Amino acid sequence: MAGALLTVRDLSVGFLTEQGLVRAVDGVSFDLEPGQTLGVVGESGSGKSVTAKALMNLLPSYAQVRGTVDFDGRNVFAMAANKEKHFWGVEMTMVFQDPMTSLNPVKKVGEQITESLRVHLRRSRRDALAEAGDLLEQVGIPEPGKRLTQYPHELSGGLRQRVVIAMALACGPRLLIADEPTTALDVTVQKHILDLLDDLRRARGMAMILITHDLGVVKGRADEVMVMYAGHTMEEAPTATLFAEMRHPYTEALLETIPRIDTPSHTRLVPIPGRPPEVIDVLDGCPFAPRCRYSIARCLTDQPGLTSHGAGHLCACHAPVGTPSGIQARSANESAGTTAAGLDMGQFTRNVPVADLGQSGAEG
Amino acid sequence: MTFLARRLAFMLGVLFTTTFIAYAAMNALGDPLFNVVGFYAKVDCDAVLAGEIDDVVGTRPGSSLGECQLVAEAREKYHLDDPLPVRYGRWIGAMVQGDFGESFKNYVPVSTILAERLPKSLMLMGMSMTVALGASIPWAVAAAYRANRRLDKASTAVSFGILSIPSFAFGIILLYLFVVRWEIFPSRFEDDDLFSRLRSLTLASLTLGLPLAAVYQRLLRTDLITTLQEDFVLTAKAKGLSDRRIMFRHVLRPSMFGMVTVVGLNSAALFAGSIIIEQIFSIPGIGRELYVSIVRDDNPVVLACVVVIVTAFVLINTAVDLLYSYLDPRVRRDT
């Protein structure tokens, strides 16, 4: 795509362990336009954080990274090999999950924010401190002058995450990767931080990759959503399209796990049965097949590729939700009582009917 | 009570306790009177003065009177008839006022002996500490940066090698090579100017410092590797900082706790080690003086040395405690 800020093609990350090669990320591709937000959604171990770290050149040296990543036409991995100094932290930065541990406990907040200004932009100490004060104000921290002289342990979790964000924004990046930026925070603080990130992104025309396990977080915040599972892209679509006509059974299952405010209290939470696969095993079929209500015989032997389901909507599934093949697969599995992978369909009888979840009827 | 005042009170408590134990031991395990006057301490002077016996062997009538005079003078001078706590009180009181007493053997004021000996020992300690820290910090950083690679494995082998050689053997090897064989360093302590003193203490400080450097290196390397796993290191990398900057500006300081603690505790080992090392390298320092004085039963000198060593130890460890709050601001909170 022309004019993309970030172009990722066929990104794979492997870790060689004693049990074999762990394929943490397997053939992920996407584009990100300037100023756009991409939501990356998936369970723990789906490879979303590893993808982010690969982009940031933060993976340990023993990680086997393949594929190409271009940032504004420049090859990111080539820059990493050349030890490019003023790229990471300047044009592309990252905010991590846990603000309790992502700040250096022995350095003052001011020191930590001014550091990248001084290293990358060669600001004087005084100018950098003034800028750091401005940044703290932008991220909504009261009394910035006082905060600059405090240590991280003197701040609350929400304030710390704001400091982390201010630190990331210091050099005016064009792309911010936020890796579960609110997972470690209180629910009430979560919304503030997400809204703050959104406002800052808009004000600065910055692109953002928002990584989360919560589909609810990306709804209304991301322009595009990529759903990952076991290192693979399962579905990718503009956000509105994804929520209106999701095609992948995994996306559907993820959405069903979110408790809804209008369900009666004491309704059981609905987990996705089973566990994510050990990605050490070489996968013949679809990695989600063992946990999938729609799985058919072909899912076990033949790994589905991404196919188009409309403008910008890609999905890797043999029996996509809401399509004739998907509807047929699910009703066949329901009447048989088990899926092709041997999953007991009885596990789903407790579920809220899918039709209630407000998406196009999988069961008609 | 503030942190500092609490530390100070604790320090004084340790000082009084240890000096009392040392003083009591010197008086209870040996006889100070014997140490001063020798075998005349065994003469039953009460009997001599009463005219019941004549002298030690009872051959020359009246000849023991002079000796008994001496014994009586010694008892009087050193207040040996007072109870132990009173004597301790008098001794420590004088000590606090800077009066260290005088040697039993050559009647030289102990303060003169200390003034002569202490600077050399302190210089040796300082140099050994410099060797230990100066070598261990860059060494640990290099090893942690390349953890479990070839350089790190080689450095582990070297540090275990150094640790497995006893310090006196290491000292003698250095002495043989650099003094006897190549004649690079002087064989005796030269006290002409600062340079000659530094030169005379070089081998001794290497002997004391290198095994410590090996220990500190092991400790710091492990802590550095642990700190390198912390999330804030990832944050620092994401900020685009260089590995060198991350290591020295972000990782080193929070990793120093373990090492700093051991540096403080090891300062005692440094004093103990200096007793042997000063012998080997013929350095007229306090360790050597302590050794000689113990052999000669020179109580005031021994006790003065103990006071100096204990004070230094307590001071160093107080400094270490204060250093913690510099290293980690979170420690300051409960002060």
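Residues numbered from 1 in each chain as written. Chains lettered and ligands numbered in written order. Predicted model: local features only at pLDDT ≥ 70, side-chain atom pairs only at ≥ 80, totals over all residues.

Asks: Outline the confidence of the model for chain B, supporting the account with residue identities and numerical values.
Replies: Across chain B, the average pLDDT comes to 85, with 93% of residues at 70 or higher. For this predicted complex, the interface confidence comes out at an ipTM of 0.83, alongside a pTM of 0.81. (pLDDT = per-residue confidence, 0-100.)

Asks: Can you break down the interface of chain A and chain B residue by residue, with the values?
Replies: On the chain B side, the residues contacting the 24 residues of chain A number 17 residues. Sorting the residues of the side of chain A that touches chain B by element identifies strand 6 (92-95) and helix 3 (109-121) of chain A as the ones contributing at least two each. When residues in the side of chain A that touches chain B are grouped by element, the largest group, four residues, is from helix 3 of chain A. Tallied by class, residues from the side of chain A that touches chain B come to 13 nonpolar, nine polar and two charged. (Contact = placed C-beta atoms within 7 Å. Helix = DSSP H or I, 4+ residues; strand = E, 2+ residues; numbered from the N terminus. Nonpolar A, V, L, I, M, F, W, Y, C, P; charged D, E, K, R; others polar.)

Asks: Explain the packing of helix 13 (residues 286-295) of chain B against helix 14 (residues 299-327) of chain B to me, using residue names and the numbers behind them.
Replies: All names here are of chain B. At a closest axis distance of 9 Å, the pairing of helix 13 and helix 14 adopts a crossing angle of 145 degrees. The two elements helix 13 and helix 14 cross, and the hand of that crossing is left-handed. Counting all contacts with helix 13, which are made through I286, E289, L290, S293 and I294, the residues of helix 14 involved are V301, V302, C305 and V308. Looking at side-chain class alone, the contact of helix 13 with helix 14 contains seven nonpolar, one polar and one charged residues. (Axes fitted to C-alpha atoms, helices over the stretch in contact; angles between N-to-C directions. Left-handed = near helix turned anticlockwise from the far one by under 90°.)

Asks: Give a detailed account of the nonpolar core, specifying residues and quantitative values.
Replies: If you look at the biggest cluster of nonpolar residues, it comprises 153 residues, and the most contacted ones within it are M56, A166, I177 and I209 of chain A together with Y216 of chain B. The biggest single contributor to this core is helix 9 (residues 194-228) of chain B, with 13 residues. Residues within four places of I209 of chain A in sequence aside, it is in contact with L32, L38, V40, A52 and I177 of chain A. Of all hydrophobic cores here, the second largest spans six residues; its members include C45, V71, Y78 and F104 of chain B. (Core = buried A, V, L, I, M, F, W, Y, C linked by C-beta atoms within 7 Å. Buried ≥ 20, exposed ≤ 12 C-beta atoms within 10 Å, placed from the backbone.)

Asks: Go over helix 11 (residues 243-251) of chain B with me, naming the residues and quoting the values.
Replies: Residue and element names in this part refer to chain B. Every buried residue belonging to helix 11 is among I246, M247, H250 and V251, and all of these are buried. The buried side chains of helix 11 occupy one side of the element, clustering within an arc of 115 degrees when seen end-on. Buried residues in helix 11 make contact with helix 6 (110-145), helix 9 and helix 10 (231-238). (Arc of directions from axis to C-beta.)

Asks: Tell me what's going on with the domain arrangement of chain A, and back it up with residues and numbers.
Replies: Residues and elements named next belong to chain A. In terms of domain boundaries, chain A breaks down into domain 1 (6-226) and domain 2 (230-357). Computed from C-alpha atoms alone, the centre-to-centre distance between domain 1 and domain 2 is 30 Å. With 25 residues of domain 1 in contact, the opposing surface of domain 2 contributes 16 residues. Sorting the residues of the side of domain 1 that touches domain 2 by element identifies strand 2 (20-32), strand 3 (37-41), helix 8 (215-218) and strand 9 (224-229) as the ones contributing at least two each. No other element matches the nine residues that strand 2 contributes to the side of domain 1 that touches domain 2. Within the side of domain 1 that touches domain 2, the residues separate by chemical class into 11 nonpolar, eight polar and six charged. (Domains from an automatic or database assignment.)

Asks: Describe the domain arrangement of chain B, listing the residues and the values that go with them.
Replies: Residue and element names in this part refer to chain B. When its domains are assigned, chain B resolves into domain 1 (3-96) and domain 2 (110-334). Between the C-alpha centres of domain 1 and domain 2 there is a distance of 39 Å. Each partner contributes residues to the interface: domain 1 has 13 residues there, and domain 2 has 11 residues. Per-element tally for the side of domain 1 that touches domain 2: the top contributor is helix 1 (residues 3-29), with nine residues.

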